[in-house]
Amino acid sequence: MRMSQLFAPTLWEVPAEAETISHQYLLRAGMIRRIAAGIYTYLPLAQRVLEKIEEIVREEMNKQGGQELKMPTLHPAELWQESSRWDAYGKELFRLQDRHERDYCLGPTHEEVITDLVRREVNSYRQLPLLLYQIQTKFRDEIRPRFGLIRGREFTMKDLYSFDRDQEGLDISYQKMYDAYSAIFRRCALKFQVVEADTGAIGGTDSHEFIVVADTGEDEIVYCEGCDYAANVERAVAADEEEDYREPEGELELVSTPGVSTIDAVASFFKAPPRRLLKTLVYLAIDGETYKPVVVVLRGDREVNEIKLQNHLGCMHLALADAETVREITGAPVGFAGPVGLVDVPLLIDREVMAVVNGVCGANKADYHWINVNPGRDFPTSEIADIRRVVAGDKCHSCGSPLHSARGIEVGHIFKLGTKYSEDLGATFLDGEGRERPIVMGCYGIGVPRTMAAAIEQNHDEKGIIWPMSIAPYQVVIVPVNSKNSEQMDLAEVLYAEMNEAGIEVVIDDRDERAGVKFNDADLIGFPLRVTIGSRSLKEGKVEIKDRATGKVTLVKAGEAVGVLQEKIKKASAAR
RNA sequence: CGGGGUAUAGCUCAGUUUGGUAGAGCGCUAGCAUGGGGAGCUAGAGGCCAGCGGUUCAAGUCCGCUUACUCCGACCA
């Protein structure tokens, strides 16, 4: 490819809309352009990178026995009503109607469509297991599209669905995908962490996320260095902390605390550490039109993990109650709620609270707190659950070492679905004994554009992108320093022809631009290798090969350049 | 869904206070010059000031509505 022809409009200034590095560089390197919020056009350079990632994905899927197919993006509502996700998926589902006013949606994922296919075509255990996948555009009306390609409303995803006879079969398919995903991200040269994850709207039992570690990531994970425990904070659990004080239970006592309503204020008023306070929150568990209040108690220094809470309650949505509802339920303004004496409302106690002795809580009366509050004695503890948010420094529940936290981008997610969809949609098979059984399913997704963006978040410097060889749009760029110098230009053309002949993916910068412009564009776009042809080295009949990642320059004779490049490309591709 | 902000040249932004002929830098075109890290000089092209509706002799500027984009929040008592 000739740089003079390449449609890659690079930008010198940073467009105002871009916050994250990957977003900025994708725009500046002329790889993407936005058409609406969360919707982008991929320009040729981005398209090449995406194709490379997709090809790696394909190879690893096929290696595990996956078969590629392609399903429609336009889905009839009936299918989604059968799985009851037409309602459950909520506002994230793009809905539309045809001319007959029949309802459709744009597929945010394809469990319904694939299960419909399989229920029609698969009848016997002899046809299982089956691994089917596609690389297809998904549509999700995200609450807030962000960070360029990291959270878009239209994006490409590889989704594979596994169909097995039983749980053991599912375990095998799941492990295959686990291995395939690890191989894919390793081949993309990404540093990633596999974590236990919440299953969210997809449903199912076990689930792992593949998280690319990056400070700008939207997800927070915790991991243990003492063992291999790692989890998304949405799901993470930690060992309960032992209280380090021992004292006899005191007598419950009402204390006047005018205007003392926040945890900090209460702590300093009573000169007690926040961990001895009982934080009491009123939540509304929402299911469609109906909602009911739930009072939640946890230690003063802890925060609620709303995902855990929602899972425990089994409701569709959660919201903190407004001040008026709080007053209705507790009889006190916000800041003076407590579990003591609350009736007619479910009381959910965080497990850790059980260890608190002589705690402090609001008295459900303006400007009063109880002291010497003890769980069980002073309020009922019939419903106990782990609902707190784990933080760095908490102890690992399996080995006791301190947990660490990190941020990252979720690039892959695998689920054991079980029989949820096969039962809802009636996808069954006859086993060896002639019994009808639901197919056991799994689903496995990779966000392709997001993987590209994550690669940039992890591989860049102040000048631009540093593509890993395996997914670089082109492997080499040839830069003749002085375009008016025919000796340089001629040699550039000769090398360009040789490289094309040798199968190297190469761009020649044949533009009549100053050297600085060409160098800066090369660095911005991030070609892994740059061949510089200039007067300095040409005097000795040599050209320079510069490694984008290390900045290391190798001088080689012009005639040997192609061989050396092939060697470097081979080495870089095999590096991981 | 709630709250803030923004919308002027391809990009980044002034101009709005106090209404009176549309601006800068970068980019683009042509030329000169230069040729190892976005240097320089000259001459140009390029705007329905997001849209609609008001006020006014006169609106980018004042008022109202709409749309799009964007940030914050869906926060702990």
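Residues numbered from 1 in each chain as written. Chains lettered and ligands numbered in written order. Predicted model: local features only at pLDDT ≥ 70, side-chain atom pairs only at ≥ 80, totals over all residues. Heavy atoms only, no water.

Asker: I would appreciate a short explanation of the domain arrangement of chain A in the present structure.
Answerer: It is common to give the size of an interface as the accessible area that goes away when the parts come together. Segmenting chain A into domains produces domain 1 (48-74 + 106-236 + 405-456), domain 2 (253-385) and domain 3 (474-574). The straight-line distance from the C-alpha centre of domain 2 to that of domain 3 is 66 Å. (Domains from an automatic or database assignment.)

Asker: How should the protein's contact with RNA strand B be read in this particular structure?
Answerer: If you check the shell around RNA strand B, you find 47 residues, and the closest are Ile143, Arg144, Ser261, Val334 and Gly335. Sugar and phosphate atoms represent 44% of those atoms of RNA strand B found within 4 Å of the protein. The backbone of glycine 534 places a nitrogen or oxygen atom 3.4 Å from a base oxygen of RNA strand B. Within the residue set of the surface near RNA strand B, elements represented by two or more residues are strand E14 (278-287), helix H13 (515-525), helix H14 (535-538) and strand E30 (542-547). For the surface near RNA strand B, the element with the highest residue contribution is H13, accounting for seven residues. Residues of the surface near RNA strand B, tallied by class, amount to 19 nonpolar, 11 polar and 17 charged. (Near = heavy atom within 4 Å. Polar contact = N/O pair within 3.5 Å; in protein donor to acceptor, adjacent residues only side chain to side chain. Helix = DSSP H or I, 4+ residues; strand = E, 2+ residues; numbered from the N terminus. Nonpolar A, V, L, I, M, F, W, Y, C, P; charged D, E, K, R; others polar.)

Asker: I'm lost on the confidence of the model for chain A in this one. Help?
Answerer: Any residue range with low pLDDT should be treated as having predicted coordinates unsuitable for detailed reading. When pLDDT is averaged across chain A, the result is 90; 98% of the residues are at 70 or more. Mean pLDDT values over the elements of chain A span from 78, in strand E16 (residues 317-320), up to 97, in strand E3 (residues 67-68). (pLDDT = per-residue confidence, 0-100.)

Asker: Is there a simple way to think about helix H12 (residues 486-502) in this case?
Answerer: Along an α-helix, a turn takes 3.6 residues, which lines up residues three or four apart on a common side. For H12, which comprises 17 residues, the first-to-last C-alpha distance of 24 Å matches the rise-based estimate of 24 Å (1.5 Å per residue) to within 8%. Taken as a whole, H12 has its buried residues at Gln488, Met489, Leu491, Ala492, Leu495, Tyr496 and Met499. Along H12, the residues classed as buried sweep out an arc of 160 degrees about the axis, all on the same side. Seen from the buried face of H12, the exposed residues on the opposite side, beyond 90 degrees, are Ser486, Glu487 and Glu501. Each element contacted by the buried residues of H12 is listed here: strand E27 (476-480), strand E28 (506-508), strand E29 (529-533), H14, E30 and helix H15 (561-574). (Expected span 1.5 Å × (residues − 1). Buried < 20%, exposed > 50% of the residue type's maximum accessible area, 1.4 Å probe, protein only. Arc of directions from axis to C-beta. Contact = heavy atoms within 4.5 Å.)

Asker: Can you walk me through the sheet that holds strand E13 (residues 253-256) in this structure?
Answerer: The strand order E13-E19-E18 describes an open sheet built from three strands, whose pairing is antiparallel. Strand pairing shows two members of the sheet lacking a second neighbour, E13 and strand E18 (359-362), which therefore form its edges. Averaged over all pairs of adjacent strands, the angle between their axes in this sheet comes to 30 degrees, without regard to strand direction. Here E18 pairs with strand E19 (residues 368-373) via three bridges, running antiparallel. Residue cysteine 361 lies in a different strand from E19, and its bridge partner there is tryptophan 370. (Pairing = 2+ DSSP bridges. Axes fitted to C-alpha atoms, helices over the stretch in contact; angles between N-to-C directions.)

Asker: Explanation requested: the pattern of salt bridges in the structure shown.
Answerer: If the charged atoms of two oppositely charged side chains come close together, the side chains can form a pair. The final tally for this structure, using the stated rule, is 43 salt bridges. Between arginine 85 and glutamate 112 there is a salt bridge whose closest N-O contact spans 2.8 Å. Here arginine 85 is found in helix H4 (residues 85-88), whereas its partner glutamate 112 is found in helix H5 (residues 111-121), with 27 residues between them in sequence. Given the relative accessible area of 0%, glutamate 112 is considered buried. The shortest N-O distance in the salt bridge between aspartate 301 and arginine 299 comes to 2.9 Å. Judged by relative accessible area, aspartate 301 falls into the partly exposed class, the value being 36%. One salt-bridge network, held together by shared partners, links Arg299, Asp301, Arg302, Glu352, Arg388 and Asp394. (Salt bridge = Lys/Arg side-chain N within 4 Å of Asp/Glu carboxyl O.)

Asker: Even after reading the chapter, I still don't get the sheet that holds strand E6 (residues 103-106), so can you show me in this structure?
Answerer: Within a sheet, each strand pairs with its neighbour through backbone hydrogen bonds, oriented either parallel or antiparallel. One open sheet accounts for three strands, arranged E4-E6-E5; its pairing is antiparallel. Each edge of the open sheet carries a strand with a single partner, namely strand E4 (74-76) and strand E5 (94-97). Shown here is a sheet whose adjacent strand axes are inclined to one another by a mean of 35 degrees, direction ignored.

Asker: I tried to follow the pairing of strand E11 (residues 219-224) on my own but got confused; where do I start?
Answerer: Look at any regular strand and the pattern is simple: side chains alternate between the two faces of the sheet. Burial analysis of E11 places six of its six residues in the buried class, which makes it a mostly covered element. On E11, burial covers both faces: Asp219, Ile221 and Tyr223 on one face and Glu220, Val222 and Cys224 on the other are all buried. The sheet contact formed by E11 and strand E21 (residues 403-418) spans six bridges and is antiparallel. Its bridge partner lying in E21, tyrosine 223 is registered against histidine 404. As defined by bridge partners, E11 adjoins strand E12 (residues 230-232) across three bridges and the pair is classed as antiparallel. From the neighbouring strand, isoleucine 221 faces E12, where its bridge partner is asparagine 232. The antiparallel hairpin formed by E11 and E12 contains five residues in its connecting segment.

Asker: Help me understand unusual backbone geometry, please; the structure alone is not making it clear to me.
Answerer: Residues other than glycine predominantly adopt negative phi, and peptide bonds predominantly adopt the trans conformation. A cis amide bond links leucine 128 to the next residue, proline 129, at an omega of 0 degrees. The residue proline 129 is located in the loop between H5 and strand E7 (130-139) in this model. Located in the positive-phi region is serine 84, a residue other than glycine, with phi close to 60 degrees. The topology assignment puts serine 84 in the loop between helix H3 (77-82) and H4. For serine 84, a relative accessible area of 44% puts it in the partly exposed group. For lysine 271, which is not glycine, the phi dihedral falls at a positive 50 degrees. For lysine 271, the location among the structural elements is in the loop between helix H7 (263-270) and E14. Residue classification places lysine 271 among the exposed positions, given a relative accessible area of 74%.

Asker: Explain the side chain of histidine 369 here, please?
Answerer: By the secondary structure assignment, histidine 369 is in strand E19. Take histidine 369: its relative accessible area is 3%, and that puts it in the buried class. At 2.8 Å, the side chain of histidine 369 and the side chain of threonine 257 are in polar contact.

Asker: Would you explain the pairing of E5 in this entry?
Answerer: Of the strand pairs in this sheet, E5 and E6 are connected by four bridges, and their pairing is antiparallel. The partner of leucine 96 across the bridge, within E6, is tyrosine 104. With antiparallel pairing between neighbouring strands as the criterion, E5 and E6 make up a hairpin whose turn holds five residues, including glutamate 101 at a positive phi of roughly 65 degrees.

Asker: Would you mind going over the packing of aromatic side chains with me for this structure?
Answerer: One pair of aromatic rings is described through two measures. These are the centre distance and the angle between the planes. This structure, assessed with the given rule, holds nine aromatic pairs. Relative to phenylalanine 210, the ring of tyrosine 178 lies with its centre 5.6 Å away and its plane at 65 degrees, an arrangement referred to as edge-to-face. Highlighted residues: tyrosine 178 in helix H6 (residues 167-187) and phenylalanine 210 in strand E10 (residues 207-213), separated in sequence by 32 residues. Tyrosine 178 sits in the partly exposed class, given a relative accessible area of 25%. Judged by its relative accessible area of 0%, phenylalanine 210 falls in the buried class. Measuring from ring centre to ring centre gives 5.9 Å for phenylalanine 185 and phenylalanine 210, while their planes differ by 40 degrees; the resulting arrangement is tilted. A residue pair is termed long-range when its members are at least 10 positions apart, and phenylalanine 185 in helix H6 and phenylalanine 210 in strand E10 qualify at 25 residues. For phenylalanine 185, a relative accessible area of 0% translates into the label buried. Three or more aromatic residues link up through ring pairs in this structure, and these residues are Tyr178, Tyr181, Phe185, Phe192 and Phe210. (Phe/Tyr/Trp six-rings, centres within 6.5 Å; stacked < 30°, edge-to-face > 60°.)

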